[in-house]
Amino acid sequence: MANFTKSFLNNISRTLPRLRKFFDQLTDKKNTAETEFSSASKRAVGSRLYSSEVKKCTIIPGDGIGPEISAAVQKIFAAAKVPIEWESVDVTPVRGPDGKFGIPQSAIDSVNRNKIGLKGPLMTPVGKGHRSLNLALRKEFNLYANVRPCRSLEGYKTLYDHVDVVTIRENTEGEYSGIEHEIVDGVVQSIKLITEDASRRVAEFAFQYTKENKRHKVTAVHKANIMRMSDGLFLRCCRDMAEKYPDVKFEEKYLDTVCLNMVQDPTQYDVLVMPNLYGDILSDMCAGLVGGLGLTPSGNIGLNGALFESVHGTAPDIAGKDLANPTALLLSAVMMLRYMNLNKHADIIESSCFATIKEAKFLTGDLGGKAKCSEFTNAICEKIAAASP
Amino acid sequence: MASRVILKKPLELGKILFRNQSTMSAFEIQHKTPLIKKVAAIPVALYGGRHAVTMLPGGGIGPELMGYVREVFKYAGAPVDFEVVEIGDENTDLEYALTSIKRNGVAIKGNIETKSESASVVSRNVAIRNELDLFVNVLHCKSYPGVPARQKDIDIVIIRQNTEGEYAMLEHESVDGVIESMKVVTTSNSDRVARFAFEYAKKNGRKKVTTIHKANIMKLSDGLFLETSKRIAKDYPEIEHNDMIIDNCCMQLVSKPHQFDVMIMTNLYGSIVSNVVCGLIGGAGLLSGKNYGDHYAIFEPGTRNTGTAIAGKNIANPIAMLSASVAMLKHLGHTQHAELIQRAIEKTICEEKIHTPDLGGTAKSTDVVQRIIDNILQADIRPW
C-alpha cells in the first residue's frame, strides 16, 4: 500500500513540477540544510562532523608518484587511527557520449557527495582538446580561495630560517579570467576582472582563517597606485572586512614592497591576502623560500567543499621506485584534518612528520638523504604510535 | 615645399598611390596620402660644453638625494647643469616637465607621488613614461661585495617593457561591483624591447637571454610577447635564448639566482622580479634603473620607492641615486667623470663599508656622501 501512495505521488509530481518541488522540500530536509550553506564563516561542512563519526573523503591519487604518496598518506592516517574512510577515484578524462573529453561522472559525484577531497599530482596531457582538470574541479566546487602555508622545516636548511607565512589568494577571477582578444592586428588585450563578491568572500575567509589559527596580522597585497579601480575595489573589501575583526591587525602594502621585504626578511609577514595573479607568484616564491614545491601543502576552499592538494609535479622519472617524498601531500592532508576540526589527530601527525625530518635519519632524495619512501613513512608511523595514547 | 618624408612603409604607400593613380589629382596625392613626418634626433642640450639635464626631485626622499647628487657633481667637476622641475597634480606641471625633458633629452628623477587617488588622474610616473615613449627599462643588478646579502655574486640584467602591459591604466566598471582592467600587449612594443635586449646582450658580451612570461594562462597576450622574443632570438644565433614561467622564475630566483643572465619581461613581472633581485642584493637603496626611449633617457633609482617614511631623517641610502647619476654621465659621454664617481662609490661601500641603516650599518646619508666626496678628492686621476 505504501508503495502505491509513493508511486502515485511520484507520478503526480512528475507532471506538475511545482508540486514536485514542494514534495522534495517536505521529504528531503537534508538538501535544504546544504543549500543554505552560503558564506565561508558558516562552514557548515566542518561543524556537521562529529569526531566519533567516520567521515568519507575522496582521494585522487594522480599520476606518476601520485599513487605511492597517496598510499603512504593512507598508511600514516591508519596508524594515527584517523576516523576517515577513503574513497579513491580516477580522474583520467574519458570520452563522454557527446565525444568530448571530461572528468568521469563518478568522480564528480564522489566529491560532491563527500565534500572533501585530497588530490595528488596530475599530469595534464598536452593537446587533444580536453579541459584542464584543475579548472574543471575548481568550477565544480566553486573553490574561491587558495591557502598555502609556508613554514620552514627544521631539518631542511635553506637560506631563510623561521619563515611562517600563509598566502591566501583569490582563486576564480582576476587576471586568470581567460578573456583575451586581438582587437587590431598586432595588439592583444587581456582583461583582468575583479568583482566585489569574490573579493569580499576571500577577504572574509582570510580574516576567519587568521582568527581560527591564532595568527595576528593580515596584509593585503595590491597595486592600487597603478590599477586604481580594480585593486582599489579589492582593497576596499579588505578594509571593510578588517573593521569587522578588530582584534586582527590589518595593513596594506604594495606588491613591490612585499617582494622586496619578503626576500630580505620573511619573518615580518604573517598572512597575506591578494588577488589571483599576485597570489600565484607570491605563493610560489614563498614556497621557494622554504625549500620548493615538494614540501608545501596547499588547500582550495570552496562554497561546496574543499580540495587539498600537493602542488608539485608528477616526477615520472622516479615513479614506481619508492623514492618519492610524501611530505607535501601529507601536510595537505593535515590541513584537511584541521579543516574538518580533527585537530588532535592533525597535531600528532604534523609533529611526527616534523620530528622525522628534524632527526634527519630517514630523508628522501630531494631532501638530501637516501631513504626510501616506505622507510620515511614507517618512521613517521612509529613516532605516531609512540605519541598517541 | 620641401616635404621631408621618411617612408615607414614604402610598399603600402606605393600600393595606395598605384591604386588611386587614375583618380587622384596632385592635390589629393599631397593631402590624402598618410602624412609621415621625419623624426629628427633632438640634440642633447650642450651649451658651452656643459650639458643641461632636467631634474625631477619627486616626493619623499627625492629632494635630499638630489641635493647629494649636486654636491658630488660639484666635487667631481662633472659638466652638468640641472634644471629642476617640480610636479604637482596639475596637468600644466606635467606638460612643463615633459617640454623640459624633450628640450634636454636626458633627465634624472626620483619617484613622483600622485596625490589624487581617483581613477581619472593617471599616475605621474606612468604618464611621463608613456608620453615620452620610454619603452624599455634596464636594471643592471650587480652585487656589491662588501654589502651583507643573502646571495653573493649576482650579475643579472633585467630588461622590462615600460609603457604598456598591465600598466595601461584602462579600467572601467561595466556593471556595479564588477571592474575590468585591461592589459595591452602589442607586437611593435614587444619587438622593440626584444631587439633592444638582444642588442644589449650582444654589445655587453652577455651569453643568455631568458624571457619571463605566463603564457600557459594568458595565452594570447603573453603568448604574443613570447613568440616575438623567440622570433628575434633567431636573428642572434650566438646568444642562447630560453623562457620560463614567472612563478617558477621567482622560485628559482630565491634559491638559485646565478642561472639567470639577461631577463626580458612585461611591465608587471618586471616590477616583481626587479624588486626580488634588489632584495637579494641587499636592498632598495643600491641599484639604479635606466629608462630608454628612441630619443629620451631618464635615470632613476631602480626600485621606484618614494620613501615617505624615511624622508628628512638622514637615513636614506644615497647610492641608488648616485648610481643613476653615474649612468647618466656615461650616457652623456663623460666616461671619465662617471668612472671617477663609480670608483669612489665602490670604495666607500665595499672596502670602507660605510653603510646606512637599511644595509645594516649605522652611518647617516650625509656621512656616506662625505666619504664619497673624500674618495673623489683623493683619487689619483682627475679629469681637471
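Only a predicted model underlies this, so the values are computations on that prediction, with no experimental measurement involved.

**Focus: the overall build of chain B**
Phase 1: Counting its secondary structure elements, chain B contains 12 helices and 13 strands.
Phase 2: Classification of the 384 residues of chain B by burial places 55% in the buried group.
Phase 3: The long-range fraction of contacts in chain B, counting pairs at least 24 apart against all pairs at least 6 apart in sequence, stands at 74%.
Phase 4: Of the roughly 17200 Å² of accessible surface on chain B, 53% is carried by carbon and sulfur atoms.

**Looking at the interface of chain B and chain A**
How big an interface is tends to be stated in terms of accessible area lost as the parts join.
Phase 1: On the chain A side, the residues contacting the 54 residues of chain B number 44 residues.
Phase 2: In total, chain B and chain A occlude about 4200 Å² of area from one another, counting both sides; carbon and sulfur atoms represent 65% of this.
Phase 3: Interface area lost by chain B to chain A is led by Arg150(B), Ile179(B) and Met251(B), which between them contribute 17%.
Phase 4: At the surface where chain B touches chain A, the tally comes to one salt bridge.

**A word on unusual backbone geometry**
Residues and elements named next belong to chain A.
Phase 1: Phi is positive for His162, close to 55 degrees, though the residue is something other than glycine.
Phase 2: Relative to the helices and strands, His162 resides in the loop between β6 (143-151) and β7 (164-170).
Phase 3: Its identity is not glycine, yet Asn341 carries a phi of approximately 65 degrees, on the positive side.
Phase 4: Counting through the fold element by element, Asn341 comes out in the loop between α12 (327-339) and α13 (343-359).
Phase 5: Residue Asn341 is classed as partly exposed on the basis of its relative accessible area, which comes to 47%.

**Focus on the sheet that holds strand β7 (residues 165-175) of chain B**
As a general point, the strands of a sheet are linked pairwise by backbone hydrogen bonds and lie either parallel or antiparallel.
Phase 1: Here we have four strands laid out as an open sheet, ordered β8(A)-β9(A)-β8(B)-β7(B), and antiparallel in their pairing. The sheet is open, and its two borders are formed by β8 (174-184) of chain A together with β7 of chain B, each paired with just one other strand. Across the sheet, the mean angle separating the axes of adjacent strands is 30 degrees when strand polarity is ignored.
Phase 2: Across the face of the sheet, helix α7 (residues 221-233) of chain B comes into contact with β8 and β9 (187-195) of chain A together with β8 (178-186) of chain B while running at roughly 15 degrees to β8(B).
Phase 3: Sitting on the sheet, helix α9 (residues 267-281) of chain B touches β7 and β8 of chain B, and the angle it makes with β7(B) is about 120 degrees.

**Focus: the packing of helix α5 (residues 66-79) of chain A against α12(A)**
When two helices pack together, you describe them by how their axes are tilted relative to each other and by the distance separating the axes.
Residue and element names in this part refer to chain A.
Phase 1: The N-to-C vectors of α5 and α12 enclose an angle of 45 degrees; their axes lie 9 Å apart at closest approach. Here α12 runs oblique to α5, going by the angle between their axes. For the element pair α5 and α12, the recorded crossing hand is right-handed. Contacts between α5 and α12 involve Ile69, Ser70, Val73, Ile76 and Phe77 from the first element and Leu329, Leu330, Ala333, Met336 and Leu337 from the second.
Phase 2: Of the residues assigned to the contact of α5 with α12, the class counts are nine nonpolar, one polar and no charged.

**Observations concerning the sheet that holds strand β13 (residues 297-302) of chain A**
Residue and element names in this part refer to chain A.
Phase 1: An order of β2-β1-β5-β14-β13-β6-β7-β12-β10-β11 is seen for the 10 strands of this open sheet, with the pairing classed as mixed. The sheet terminates laterally at β2 (84-88) and β11 (249-254), the two strands that pair on one side only. Strand-to-strand twist in this sheet, taken as the mean axis angle between neighbours without regard to direction, amounts to 25 degrees.
Phase 2: Pairing geometry for strand β1 (residues 55-60) and β2, over five bridges, is parallel. Opposite Cys57, over in β2, you have Trp86 as the bridge partner.

**Some details on the pairing of β13(A)**
Residue and element names in this part refer to chain A.
Phase 1: Counting buried residues along β13, six of its six residues qualify, which places the element largely inside the surrounding structure.
Phase 2: Burial along β13 is two-sided: Pro297, Gly299 and Ile301 and Ser298, Asn300 and Gly302, pointing in opposite directions, are all buried.
Phase 3: Where β6 meets β13, four bridges bridge the pair, whose relative direction is antiparallel. Bridge pairing in β13 places Asn146 opposite Asn300.
Phase 4: Here β13 folds back onto strand β14 (residues 306-310), and the loop between the two strands holds three residues, one of which, Gly305, carries a positive phi near 150 degrees.

**Topic: the confidence of the model for chain A**
Residue and element names in this part refer to chain A.
Phase 1: Per-residue pLDDT for chain A has a mean of 82; in total, 83% of the residues score no lower than 70.
Phase 2: Confidence, expressed as mean pLDDT per element, reaches its minimum in chain A at helix α3 (residues 29-35) with 41 and its maximum at strand β12 (residues 271-274) with 94.
Phase 3: Of the regions scoring below 50 in pLDDT, residues 28-49 engages in 24 contacts with residues more than four places distant in sequence or in other chains.

**Quick look at helix α12 (residues 365-378) of chain B**
Residues and elements named next belong to chain B.
Phase 1: Over its 14 residues, α12 extends 20 Å from the first C-alpha to the last, a length consistent with the 20 Å expected when each residue adds 1.5 Å.
Phase 2: Within the span of α12, buried status applies to Ser365, Val368, Val369, Ile372, Ile373, Asn375 and Ile376. Relative to the axis of α12, the buried residues are bounded by an arc of 160 degrees and lie together on one face.
Phase 3: If you follow the buried residues of α12, they end up packed against α3 (62-76), α10 (319-332) and α11 (335-351).

Conventions adopted
- Residues numbered from 1 in each chain as written.
- Chains lettered and ligands numbered in written order.
- Predicted model: local features only at pLDDT ≥ 70, side-chain atom pairs only at ≥ 80, totals over all residues.
- Heavy atoms only, no water.
- Helix = DSSP H or I, 4+ residues; strand = E, 2+ residues; numbered from the N terminus.
- Buried < 20%, exposed > 50% of the residue type's maximum accessible area, 1.4 Å probe, protein only.
- Contact = heavy atoms within 4.5 Å.
- Areas by Shrake-Rupley, 256 points an atom, 1.4 Å probe, with all protein chains shown as cover.
- Buried area = accessible area lost by both parts, 1.4 Å probe.
- Salt bridge = Lys/Arg side-chain N within 4 Å of Asp/Glu carboxyl O.
- Pairing = 2+ DSSP bridges.
- Axes fitted to C-alpha atoms, helices over the stretch in contact; angles between N-to-C directions.
- Parallel < 35°, antiparallel > 145°, perpendicular 65-115°, else oblique.
- Left-handed = near helix turned anticlockwise from the far one by under 90°.
- Nonpolar A, V, L, I, M, F, W, Y, C, P; charged D, E, K, R; others polar.
- pLDDT = per-residue confidence, 0-100.
- Expected span 1.5 Å × (residues − 1).
- Arc of directions from axis to C-beta.

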